[in-house]
Amino acid sequence: MTAGHKTFIIGGLLFGGLGLPLVSFGFSGCYNGSLMGNYNAAISSQNFQQVLAATGATGATGATGATGATGATGATGAAVAPNGGFGGTAASLSGNVPGLGRFYFDGVGNIVGSQPASSNSTFLTNVGTYSVSDNCQAKLTLSSGQTFDAVIINHGQSVLFLETDSAGAGTTGTLQESSSCIGLSYPATYGFSFFGATQQAGGGATGATGSTGATGATGATGATGTTGATGATGATGATGATGSTGATGATGATGATGATGATGPTGSTTVQYQPYSAIGTIATDGNGNFSLSQTVFQGGAVKRATAQGTYTVGTDCSLQLKFSTAAGSNSANFTTPLLFRGLATNSNGGVLAIQPSGTDTLTGTFANQ
């Protein structure tokens, strides 16, 4: 091949290459089949919305009645929904866990959950629908009335959602595709974290008691009676008897004491919140026992504590911790939460929900070390 032929061929290849369309590297082409499998839901805004619900505006104090009685305290303002349809619901495949849920997306637009049966059991049923656009945005609708806009990320392994119906107040959360969680049945150590705020009750001050009415004025003293007239001189010159002095008038009655003023209205009750956050580790032995070590920030102070107990892993990849009450099992400064539950995404970790008290739920994550 001559040099001229080589030049001609190379030039043609370059010319043809320059004419090729630009390659797009963006992930596109989503469809309903992009969501297929079990997905664990976590309500990211769970704790924040509980704070808003508890601190709703207080109504005005009722007016004082005509008899001086304290008016009724006004009603507390309306609360925001604490859950977003995917969390804290009996329709979840893993049962009703505050802030968490588990659902099956069938790849053709149906969301499958559970429904209670009369025999104290549940059965699978469609609890909603979904549709996915080719730009990887989606619409989710639950039979209970909630609607969501969603964005599919990580090639369908994760979904970000925002509740769009009027009752949801913008609830946000995530869906994580769940695979095998058999690793939870073997010895492992997991790190965890969560944050939010916990409630502290505080009451408004009681209104001051009204001042006592003034004492009525003392009645005036009656006038002294007039002296009787001197008797006239008798015909024989005898002096007549002196007239008797009139009786002194009685003292007037003392005025009645004024009525006591009505008690001022009781101040409205306020709810106060303080930051609550924690990090720590959970070590499982593969035989149903665990040990926990954590650092908690609560009430403006840091507290380091340890605890022990037992755990169970469900066939739905649910994780439940039960803390021991035996003497010496937990450090003296450990406070047992009302609930400590998790849903494993896979053997490497998942999502957590904890209730430090009966009024607050916080969600977080755990991951294998």
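See the structure printed just above.
Residues numbered from 1 in each chain as written. Predicted model: local features only at pLDDT ≥ 70, side-chain atom pairs only at ≥ 80, totals over all residues. Heavy atoms only, no water.

> Where do I start with the state of the cysteines in this structure?
Throughout this description, disulfide means a covalent bond between two cysteine sulfur atoms. In total, this model carries 2 disulfides according to the counting rule given. Each disulfide pairs two cysteine sulfurs, and for C30 the partner residue is C136, the sulfurs being separated by 1.9 Å. Across the S-S bond of C30 and C136 the torsion is about 75°, and the bridge reads as right-handed. A residue pair is termed long-range when its members are at least 10 positions apart, and C30 in the loop between α1 (3-18) and β1 (36-43) and C136 in the loop between β4 (122-132) and β5 (137-142) qualify at 106 residues. Residue classification places C30 among the buried positions, given a relative accessible area of 4%. One disulfide in the model links C181 with C317; its S-S distance is 2.1 Å. Because the sign of the S-S torsion sets the handedness, a value of about -90° for the bond joining C181 and C317 places this disulfide among the left-handed ones. (Disulfide = S-S within 2.5 Å. Helix = DSSP H or I, 4+ residues; strand = E, 2+ residues; numbered from the N terminus. Buried < 20%, exposed > 50% of the residue type's maximum accessible area, 1.4 Å probe, protein only.)

> How should the side chain of T89 be read in this particular structure?
Tracing the backbone through its elements, the reader meets T89 in the loop between α2 (46-54) and β2 (100-106). Separated by 3.1 Å, the side chain of T89 and the backbone nitrogen of A91 make a polar contact. (Polar contact = N/O pair within 3.5 Å; in protein donor to acceptor, adjacent residues only side chain to side chain.)

> Would you mind showing me how to read the pattern of salt bridges here?
Any two side chains of opposite charge can pair, given that their charged atoms come close. Inspection of the entire model under this criterion finds 1 salt bridge. Between K139 and D149 there is a salt bridge, with the nearest N and O atoms lying 2.8 Å from each other. With a gap of 10 residues between them, K139 in strand β5 and D149 in strand β6 (residues 147-153) connect regions that are remote in the sequence. Residue K139 is classed as partly exposed on the basis of its relative accessible area of 47%. (Salt bridge = Lys/Arg side-chain N within 4 Å of Asp/Glu carboxyl O.)

> Where do I start with a nonpolar patch on the surface in this structure?
Side chains of V151, I153 and L160 sit close together on the surface and give an oily, nonpolar patch of about 210 Å² of accessible area. Relative to the elements of secondary structure, V151 occurs in strand β6. Residue classification places V151 among the partly exposed residues on the basis of a relative accessible area of 37%. (Patch = residues over 30% accessible without salt bridge, like charges linked within 9 Å, V, L, I, M, F, W, Y side chains within 5 Å. Areas by Shrake-Rupley, 256 points an atom, 1.4 Å probe, with all protein chains shown as cover.)

> Would you mind going over the pairing of β1 with me for this structure?
Each regular strand shows side chains that alternate between the opposite faces of the sheet. Among the 8 residues of β1, 6 are classified as buried, and the element is accordingly described as predominantly covered. For β1 and β2, the ladder comprises 7 bridges, and the chain directions are antiparallel. Across the sheet, A42 pairs through a bridge with L100, a residue of β2. (Pairing = 2+ DSSP bridges.)

> Just to check I follow, could you spell out the packing of aromatic side chains for this structure?
Where two aromatic rings form a pair, the distance of their centres and the angle of their planes describe that pair. Tallied over the entire structure, the rule returns 13 aromatic pairs. When the centroid spacing of 5.3 Å and the interplanar angle of 80° are considered together, the rings of F86 and F103 count as edge-to-face. Separated by 17 residues along the polypeptide, F86 in the loop between α2 and β2 and F103 in strand β2 bring together distant segments of the chain. Using a relative accessible area of 0% as the deciding quantity, one classes F86 as buried. Put simply, the rings of F192, F194, Y276, F290, F323, F334 and F340 touch in pairs and so form one group of aromatic residues. (Phe/Tyr/Trp six-rings, centres within 6.5 Å; stacked < 30°, edge-to-face > 60°.)

> Help me understand the nonpolar core, please; the structure alone is not making it clear to me.
Note on soluble globular proteins: their nonpolar side chains tend to be buried together. Residues F192, L292, L321, F323, F340 and F366 are the most contacted members of the largest nonpolar core, which totals 26 residues. If you list the elements that add at least two residues to this core, you get β9 (188-202), β10 (270-284), β11 (289-298), β12 (301-313), β13 (318-323), β14 (339-346), β15 (349-357) and β16 (360-368). Among the elements that line this core, the one with the most residues is β9, at 4 residues. Look past the residues within four positions of F192 in its chain and what remains in contact with it is A278, I279, G280, T281, I282, L292, S293, Q294, F340, L352, T365 and F366. Of all hydrophobic cores here, the second largest spans 23 residues; its members include F103, V127, C136 and A138. (Core = buried A, V, L, I, M, F, W, Y, C linked by side-chain atoms within 4.5 Å. Contact = heavy atoms within 4.5 Å.)

> Can you help me understand the sheet that holds β5 in this one?
Taken together, 8 strands build a closed barrel; the order of strands is β1-β2-β3-β4-β5-β6-β7-β8 and the barrel is antiparallel. For this sheet, the mean angle separating the axes of adjacent strands, direction not counted, is 35°. Where strand β7 (residues 158-163) and strand β8 (residues 172-178) come together, 5 bridges link them in antiparallel fashion. Residue F161 lies in a different strand from β8, and its bridge partner there is G173. (Axes fitted to C-alpha atoms, helices over the stretch in contact; angles between N-to-C directions.)

> Got a minute to help me understand the pairing of β14 in this structure?
Here β14 lies mainly inside the structure; 7 of its 8 residues are buried. For β13 and β14, the ladder comprises 3 bridges, and the chain directions are antiparallel. For L319, the partnering residue across the bridge sits in β14 and is G342. Judged from the 7 bridges that link them, β14 and β15 form a sheet pairing that is antiparallel. Bridge assignment links R341 to a residue of β15, and that residue is A353. Linking β14 back to β15 in an antiparallel pair, the connection comprises 2 residues.

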